[in-house]
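Secondary and tertiary structure notes
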Amino acid sequence: MKMALRACLRTKPGLTGLLSQLSCSGHAAARRAPALVAQRSSSSTSQKIKVDFDQSSGVAVMHMQSPPVNSLSLEFLTDVCIALEKLEMDKSCRGLVVTSSQPKVFSAGLDILDMYGKSPEHCAEFWKAVQEMWLKFYGSNMITIAAVNGSSPAGGCLLSMTCDYRIMADNPRYSIGLNETKLGIVAPFWFKDTMVSTVGHRATEMALQLGLLYSPAEALKIGLVDQLVHEDQVLTTATETMTKWLAIPDHARQLTKSMMRKPTIDKLAANREADVNNFVKFITKDSIQKSLGMYLEMLKRRKA
Amino acid sequence: MKMALRACLRTKPGLTGLLSQLSCSGHAAARRAPALVAQRSSSSTSQKIKVDFDQSSGVAVMHMQSPPVNSLSLEFLTDVCIALEKLEMDKSCRGLVVTSSQPKVFSAGLDILDMYGKSPEHCAEFWKAVQEMWLKFYGSNMITIAAVNGSSPAGGCLLSMTCDYRIMADNPRYSIGLNETKLGIVAPFWFKDTMVSTVGHRATEMALQLGLLYSPAEALKIGLVDQLVHEDQVLTTATETMTKWLAIPDHARQLTKSMMRKPTIDKLAANREADVNNFVKFITKDSIQKSLGMYLEMLKRRKA
Amino acid sequence: MKMALRACLRTKPGLTGLLSQLSCSGHAAARRAPALVAQRSSSSTSQKIKVDFDQSSGVAVMHMQSPPVNSLSLEFLTDVCIALEKLEMDKSCRGLVVTSSQPKVFSAGLDILDMYGKSPEHCAEFWKAVQEMWLKFYGSNMITIAAVNGSSPAGGCLLSMTCDYRIMADNPRYSIGLNETKLGIVAPFWFKDTMVSTVGHRATEMALQLGLLYSPAEALKIGLVDQLVHEDQVLTTATETMTKWLAIPDHARQLTKSMMRKPTIDKLAANREADVNNFVKFITKDSIQKSLGMYLEMLKRRKA
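Residues numbered from 1 in each chain as written. Chains lettered and ligands numbered in written order. Predicted model: local features only at pLDDT ≥ 70, side-chain atom pairs only at ≥ 80, totals over all residues. Heavy atoms only, no water.

Some words on the overall build of chain A
Spelled out, the test is: Helix and strand definitions here come from DSSP, where helices need a minimum of 4 consecutive H or I residues and strands a minimum of 2 consecutive E residues; each element is numbered from the N-terminal end. Think of it in three bands: with a 1.4 Å probe and only protein chains considered, a residue is buried below 20% of the maximum accessible area for its type, exposed above 50%, and partly exposed in between. Throughout, a contact is declared for two residues whenever any of their heavy atoms are within 4.5 Å. Shrake-Rupley sampling with a 1.4 Å probe provides the accessible areas, and residues are treated as covered by the protein chains on show and by no other component.
If you tally the helices and strands in chain A, you get twelve helices and nine strands. When burial is assessed residue by residue, chain A has 60% of its 304 residues classed as buried. Contacts in chain A between residues far apart in sequence, at least 24 positions, make up 75% of those at least 6 positions apart. Total accessible area computed for chain A in this model is approximately 11,800 Å², and 57% of it derives from carbon and sulfur atoms.

This is the structure we're talking about:
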């Protein structure tokens, strides 16, 4: 596991760079962070998600705790979506902080094991779950803040970009970015659209073509994250920031958020099936499967 | 009046923040700045607008002098549009500087009294005038420079964003921004489009969701204004800047401006009626009227 | 020729500013930089283009050597496009560096002599060649890096903006920008689209309305170029940068590049004829021809 974790730290370009791309969840040990349940708070916990909801403030904190690196597997994505949906339907929940209970990593991105050696049907199911996660988070009526307390490559970066605000740990060993091209994979149009809306067209063109992973300082500079704080302060800063957002009347804020994001959401919503088909056709290609296989082998060798 | 004026200064977040949102014109005293008429210049003055046109340079200066805070009421918007139209039709007028004769404020934005307790018909008339102002300024063939010599929240910010260049007084007590959400109101899509074209998608998303008012320094940083100068220098700097713009052949500049702005203008032009209906339906809601009423009450209490 | 060269250096605003706009190729002397042919490299040379292709790295360097200032004439554009097409079809060529063999200038932009006193038919042919150049470069499957080792106004700026990365000589006497309006000409929509994708909407609006030429430092600040290095290091830095881009799998990079640029390319591809007609109608106007004539006269007077 140590090797897989190391894969999420920022590394020099080249082969090791690939390691931060995708991740493999392995046999997820039932490691779980102790639940810190505040007064007047409820805490609901699936195997891999712990949600602390503070009724008095109307703010929930979603802790991702899927060892070792919060890989976004089909199973984990499903858990995440169910947890989000519950909060979304609870009118007393106005804000959501997303963070990680795993050391050094926010989320290592999409789980390679759901794309490698799997049937087209499985790949399609997996991709629908990725779409679902994006649609639910990007379109959430809640105030969403990403407390990025570790590395956040690929799908991890996407998840953080769906939020309304991003606070990252100021540790130069961490990195964030959509690095898909490094493994020979292409970020789909809605990953691209989300990034363009966050950092603009030119920065996205560079980032996606080169599969760039940014240090926290670089990410702040291009606007990929909004604020850097010391590692220990990420979650508390998220909570403080939330207070500022909670001061805004919900209805006006929600309509405004929808005005900004609806065109991008509608684009995927109108093309989900075609997008799934594109993904399955691409990912099941021999050449791509071979790349994924080599990547997995490399992960194993580093682990040994 | 003093209290209402104070409402336009930059204040701490919270209730007082709301005060900078919209404004109420009250019984406009016939206060008027003395007209400084240069040689070979003509000066035409409605009650609330004074226009100095220098034939030799081809540049007009429009002084907004609607006490206390240049609230954009139906009446004032009509005056502004008539003045603009006159200049637009005068082929010898190539450039327009817009500024305020009121102390400490450029314009406090849309006049709340034209939205509160009014018939749907009145609200519709008012909104058409707001549209008209935006369409005329954003699509003006003249070079337009905003000399922002005071606070400029909401509609005041919109007016300045329609110009080709924005110079703001470097006084940290002033602020500028589209802060509609703070009062539970939503900036319409063409306010949003104008801001996206000025500061980009991400900065707009943050600004509109949070209803942010920026200090001059912050506004410069995100590109909401182009230049800061000392309060005393705003108007002269605008005139100097105009000289640079006048060096460009009009026809090429106008075609270029139109190429940049026409898609955004066409979007509203094609949807004016629907946009009016949306506004009227929204603003006449009980909940929104109640918010406006509470806001007016608060203004009165502060005055007393 | 010396005067024409000087026209490409950065000058004060006003009449001399016009000089950097367009250029006139004159009777192109057969001046040619000596071919430095590396081992295992092939070098193909038209009269005005020298291409060094290093098979081992898969990188070609295109030296523009059309004296005095690499004006983009119909003839030169044709040469450039033929050279690019050859490289594009050679699957072993993965990257292309574009640079100038002429001192102090990358390219002075579109050749005024192909627009002045010419038949509508000639102007149409010329404009089709400009379109072709843009379509081929902006849509190239190769990694393209502009080694901007001199001034790059108007069409020269456009050429550099079609590349994936721009490295400019850090010499404050050089400038870069789309300065068409200064001569009374309007940059067409696809020039505008390319610039918006590079520096964003607001910077483009200012740049195009004012016909701004930026110093290298200013160009870096707004993102018009990506990196500044000493004049002597432009080409070697381009080669080093290329290595980083070559590390990315071609197929994923190409699909990503296409995803970013296809909408903009499709817009021109679907409107080429109308765009040609617009250009011909505009450029053959008496008023525009008169401007071009006065500009040419001025060039001659400065030369004498």
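So that's the structure; there's more coming.
A look at the nonpolar core
To keep it simple, the criterion reads: Only buried Ala, Val, Leu, Ile, Met, Phe, Trp, Tyr and Cys residues count toward a nonpolar core, and they belong to the same one when joined by side-chain atoms within 4.5 Å.
B:Met62, B:Leu96, B:Phe137 and B:Leu224 are the most contacted members of the largest nonpolar core, which has 93 residues in total. Counting residues per element, this core draws most heavily on helix α4 (residues 120-138) of chain B, which supplies eleven residues. Among residues more than four places away in sequence, those in contact with B:Phe137 are B:Met62, B:Val80, B:Leu84, B:Leu96, B:Val98, B:Leu159, B:Thr162 and B:Arg261. Ranked by size, the runner-up nonpolar core spans 92 residues in total, among them A:Leu77, A:Ala124, A:Leu208 and A:Phe279.

Let's talk about the pairing of strand β4 (residues 95-100) of chain A
Residues and elements named next belong to chain A. Put simply, the test is: Here is how to tell: hold the view so the strands point away, follow the path from the first strand over the helix to the second, and if it runs clockwise the crossover is right-handed.
For β4, the buried fraction is high: six of the six residues fall into the buried class. Side chains Gly95, Val97 and Thr99 of β4 all project onto a buried face; the interleaved residues Leu96, Val98 and Ser100 project onto the opposite face, where all are buried too. In this fold, the crossover linking strand β3 (residues 59-64) to β4 by way of helix α3 (residues 74-89) has right-handed handedness.

Topic: the state of the cysteines
Residues and elements named next belong to chain C. To keep things clear, this is the line we draw: Count a disulfide wherever a pair of cysteine sulfur atoms falls within 2.5 Å.
Inspection of the entire model under this criterion finds zero disulfides over all chains. With no disulfide of its own, Cys81 lies 13 Å from the sulfur of Cys163, the closest cysteine sulfur. Cysteine Cys157 is unpaired, with the sulfur of Cys163 as its nearest cysteine sulfur at 11 Å.

Re the relation of the copies chain B and chain A
Our working rule: We superpose the copies by least squares over the C-alpha atoms of residues that have a pLDDT of at least 70 in both of them.
In screw terms, the move from chain B to chain A is a rotation of 120° and a rise of 0.0 Å along the axis, fitting with an RMSD of 0.0 Å. This pairing of chains is accounted for by a three-fold axis. Rotation axis and chain B: the residue whose C-alpha lies nearest the axis is B:Gly200, separated from it by 4.3 Å.

Concerning the packing of helix α3 (residues 74-89) of chain C against helix α4 (residues 120-138) of chain C
Residues and elements named next belong to chain C. The condition is simple: Note on geometry: axes are C-alpha line fits, over the in-contact stretch for helices, and angles between N-to-C directions span 0 to 180 degrees. For classification, angles of less than 35 degrees are called roughly parallel, those exceeding 145 degrees roughly antiparallel, those between 65 and 115 degrees roughly perpendicular, and all remaining angles oblique. Each crossing gets its handedness from the near helix: less than a right angle anticlockwise from the far helix is left-handed, clockwise is right-handed. Charged residues are taken to be Asp, Glu, Lys and Arg, nonpolar residues to be Ala, Val, Leu, Ile, Met, Phe, Trp, Tyr, Cys and Pro, and polar residues to be all remaining types, Gly included.
Packing of α3 against α4 leaves a shortest axis separation of 9 Å and a crossing angle of 30°. The angle between α3 and α4 falls in the class roughly parallel. Crossing geometry of α3 relative to α4 is assigned as left-handed. Touching Leu74, Leu77, Val80, Cys81, Leu84, Glu85 and Glu88 of α3 are His122, Glu125, Phe126, Ala129, Val130, Glu132, Met133, Lys136 and Phe137, all from α4. Residues of the contact of α3 with α4, tallied by class, amount to ten nonpolar, one polar and five charged.

Digging into the side chain of A:Ser152
Residue and element names in this part refer to chain A. For clarity, the threshold we go by: Two N or O atoms count as a polar contact when they lie within 3.5 Å, although within protein this holds only if one can serve as hydrogen donor and the other as acceptor, and sequence-adjacent residues are included solely when both atoms are side-chain atoms.
Here Ser152 shows up in strand β6 (residues 152-153). For Ser152, a relative accessible area of 0% translates into the label buried. Side-chain polar atoms of Ser152 contact the backbone oxygen of Gly156, separated by 3.0 Å. The contacts of Ser152, once residues within four sequence positions are left out, are Phe106, Ser107, Cys157, Ser160, Ser175, Ile176 and Gly177.

Section: unusual backbone geometry
Residue and element names in this part refer to chain A. Residue Pro68 is reached from Pro67 by a cis peptide bond, and omega for that bond is 0°. Looking at where Pro68 falls in the secondary structure, it is placed in the loop between β3 and α3. One non-glycine residue, Asn70, lies in the positive phi region at around 50°. Topologically, Asn70 is positioned in the loop between β3 and α3.

Some points on the pattern of salt bridges
Selection criterion: A pairing counts as a salt bridge when a side-chain nitrogen of Lys or Arg comes within 4 Å of a carboxyl oxygen of Asp or Glu.
Counted under the stated rule, the structure contains 51 salt bridges over all chains. One salt bridge connects B:Glu85 with B:Lys136, and the closest N-O pair in it is separated by 3.3 Å. Taken together, the positions of B:Glu85 in helix α3 (residues 74-89) and B:Lys136 in helix α4 put the pair 51 residues apart, joining distant regions of the chain. Between C:Lys50 and C:Asp52 there is a salt bridge, with its nearest N and O atoms 2.8 Å apart. Salt bridges sharing partners connect three or more residues here, namely A:Asp164, A:Arg166, A:Asp226, A:Lys257, A:Arg261, B:Arg202 and B:Glu205.

What to know about the interface of chain B and chain A
Our working definition: Here the quantity called buried area is the accessible surface, traced with a 1.4 Å probe, that two parts lose on coming together, added over both.
Counting from both sides, the interface comprises 20 residues of chain B and, opposite them, 20 residues of chain A. Interface area for chain B against chain A, summed over the two sides, is near 1,700 Å², with a carbon-plus-sulfur share of 66%. Taken as a group, B:Arg202, B:Gln209 and B:Leu210 account for 40% of the area that chain B buries against chain A, more than any other trio of residues on that side. Linking chain B to chain A there are two salt bridges. In this structure, B:Glu205 engages A:Arg261 in a salt bridge whose closest nitrogen and oxygen atoms are separated by 2.9 Å.

Digging into the interface of chain C and chain B
Across the boundary between the two partners, chain C contributes 20 residues, which contact 20 residues of chain B. Where chain C abuts chain B, roughly 1,800 Å² becomes buried across the two surfaces, and 66% of that area is made up of carbon and sulfur atoms. On the chain C side of the interface with chain B, the three residues burying the most area are C:Arg202, C:Gln209 and C:Leu210, jointly 39% of the side's total. The tally of links from chain C across to chain B stands at two salt bridges. On the surface where chain C and chain B come into contact, there are seven residue pairs in polar contact (both at pLDDT 80 or more). Sorting the residues of the side of chain C that touches chain B by element identifies α6 (189-199) and α7 (201-210) of chain C as the ones contributing at least two each.

Digging into helix α10 (residues 250-269) of chain C
Residue and element names in this part refer to chain C. Basically, it comes down to this: Multiplying one less than the number of residues by 1.5 Å gives the expected span of a helix. Axes are fitted to the seven residues ending at a residue and to the seven starting at it; the angle between these axes is taken as the bend at that residue.
The end-to-end C-alpha separation of α10 is 24 Å, well short of the 28 Å expected for 20 residues at 1.5 Å each. Arg261 marks where α10 bends most, by close to 55°; the proline Pro263 follows one to four residues later. If you check which residues of α10 are buried, you get Ala252, Arg253, Thr256, Lys257, Met259, Met260, Arg261, Thr264, Ile265 and Leu268.

Describing the packing of aromatic side chains
As a reminder, the rule being used: Two rings from Phe, Tyr or Trp (for Trp, the six-membered ring) form a pair when their centres are within 6.5 Å of each other. A pair whose planes differ by under 30 degrees is stacked, one over 60 is edge-to-face, and the rest are tilted.
A full pass over the atoms with the stated rule returns 21 aromatic pairs over all chains. When the centroid spacing of 4.9 Å and the interplanar angle of 70° are considered together, the rings of B:Trp190 and B:Phe191 count as edge-to-face. On the basis of relative accessible area, B:Phe191 is assigned to the buried category, the value being 1%. Taken together through their ring pairs, the aromatic side chains of A:Trp127, A:Trp134, A:Tyr138, A:Trp190, A:Phe191 and A:Phe279 make up a single cluster.

Side note on the environment of A:Met89
Residue and element names in this part refer to chain A. Structurally, the position occupied by Met89 is in helix α3. Looking at Met89, the relative accessible area reads 61%, which means it is exposed. Met89 sits 14 residues away from Glu75 along the chain, and the two C-alpha atoms are 22 Å apart.

Some thoughts on the environment of A:Leu255
Note that A:Leu255 resides in helix α10 (residues 250-269). Residue A:Leu255 is classed as partly exposed on the basis of its relative accessible area, which comes to 36%. Distance in space between the C-alpha atoms of A:Leu255 and A:Asn141 is 8.8 Å, their sequence separation being 114 residues. If sequence neighbours within four positions are ignored, A:Leu255 has contacts with B:Val186 and B:Phe282.

Topic: the confidence of the model for chain A
Put simply, the test is: A residue's pLDDT is the confidence the predictor assigns to it, expressed on a 0 to 100 scale.
Overall, the predicted model of chain A reaches an average pLDDT of 88, with 86% of residues at or above 70. Predicted as a complex, the structure gets a pTM of 0.89 and an ipTM equal to 0.87.

With respect to the environment of B:Leu87
All names here are of chain B. Position of Leu87 relative to the elements: it lies in helix α3. With a relative accessible area of 7%, Leu87 lands in the buried category. On a C-alpha basis, the gap between Leu87 and Met298 in space is 39 Å, while along the polypeptide they are 211 residues apart. If sequence neighbours within four positions are ignored, Leu87 has contacts with Val51, Ala60, Cys93, Leu96 and Met142.

Thoughts on helix α12 (residues 286-303) of chain B
Helix length check: α12(B), at 18 residues, gives a terminal C-alpha distance of 26 Å against a target of 26 Å (1.5 Å per residue), a fit within 8%. Every buried residue belonging to α12(B) is among B:Ile288, B:Gln289, B:Leu292, B:Gly293, B:Tyr295, B:Leu296, B:Met298 and B:Leu299, and all of these are buried.

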